[in-house]
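# Structural overview
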Amino acid sequence: MSKSNHEREKIYINEWIKAFNILLLDEGWEKQGVVSRADALKKAKDLWLDLVQVWYNWKDKISICKIVDYWKYQYQLKKKEKEKKKTQKSKWLKEIKLSYWIEENDLNLKIEKAKELLQKWYWIRFILRLKWRENIFKEQAREKLQYIIEILKDYWKSTWIKEEWKWLSLVLFAKLK
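So, here's what we can say about the structure. (Residues numbered from 1 in each chain as written. Predicted model: local features only at pLDDT ≥ 70, side-chain atom pairs only at ≥ 80, totals over all residues. Heavy atoms only, no water.)

### Regarding the side chain of Lys-66
Inspection of the secondary structure puts Lys-66 in strand β4 (residues 62-68). According to the relative accessible area criterion, Lys-66 is buried, its value standing at 5%. Not counting residues up to four positions away in its chain, the partners in contact with Lys-66 are Leu-25, Asp-26, Glu-27, Trp-29, Asp-50, Leu-51, Val-52 and Val-54. (Helix = DSSP H or I, 4+ residues; strand = E, 2+ residues; numbered from the N terminus. Buried < 20%, exposed > 50% of the residue type's maximum accessible area, 1.4 Å probe, protein only. Contact = heavy atoms within 4.5 Å.)

Below, the structure written as structure tokens:
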């Protein structure tokens, strides 16, 4: 039976650490040596900090732990997670940008590209940006996106048009065959 993500990400601290031998690390990830669990707990309590399990080595039956302030450690982990999410791009979403004044031939080329991507199971986001006075043609821009929907109707399973102040976007989700 496999463990859920929640169980895998569970962090053991202080008395909850089950290993008898512990490889201690300091704040800078430098090795302090292998000690018994009781000695590691005593060191952590003397420093008024927590013993946090960073990794468990199943092969050697040894727990790799750090002596840190648990809440500070949790904060740093969450901060790193946020940074990862910021820099991470969606692998399956591709954007195609259009202008209101796009010519018929150029639009057809972009639609052909979208067909190829939808067949490869990518999601497509068409972004139609309206500049300056083009905002008064918002309804015609919406019709252009409806035209794209009609042409690509065999390739997507769901869609929506989102309207913002200066642009319209259309997201097409690939149809799984």
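Structure's up, so let's keep going.
### A few points about the nonpolar core
Counting residues in each nonpolar core, the largest one holds 25 residues, and the members touching the most others are Leu-98, Phe-126, Leu-145, Ile-148 and Leu-152. Where this core is concerned, the elements lending two or more residues are β5 (93-99), α4 (104-119), β6 (123-129), α5 (138-151), β7 (156-163) and β8 (167-174). Take this core: its biggest share by element is five residues, from α4. In contact with Leu-152, other than residues within four places in its own chain, are Ile-111, Ala-114, Lys-115, Leu-118, Phe-126 and Leu-172. (Core = buried A, V, L, I, M, F, W, Y, C linked by side-chain atoms within 4.5 Å.)

### Focus: the pairing of strand β3 (residues 50-57)
Note: β3 against β4, seven bridges, orientation antiparallel. When the sheet's bridge partners are listed, Val-52 is paired in β4 with Lys-66. The hairpin formed by β3 and β4 contains four residues between the paired strands, and Lys-61 there has a positive phi angle of roughly 55°. (Pairing = 2+ DSSP bridges.)

### A short note on the sheet that holds β7
Read from one edge of the open sheet, four strands run β5-β6-β8-β7, paired in mixed fashion. Each end of this open sheet is capped by a strand with a single partner; those strands are β5 and β7. Between one strand axis and the next, the sheet turns by 15° as a mean value, whatever way the strands run. With seven bridges connecting them, β7 and β8 associate as antiparallel partners. In the sheet register, Ser-158 faces β8, and the bridge partner there is Phe-173. Contacts from α4 reach β5, β6 and β8 within the one sheet, and its direction differs from that of β5 by about 170°. (Axes fitted to C-alpha atoms, helices over the stretch in contact; angles between N-to-C directions.)

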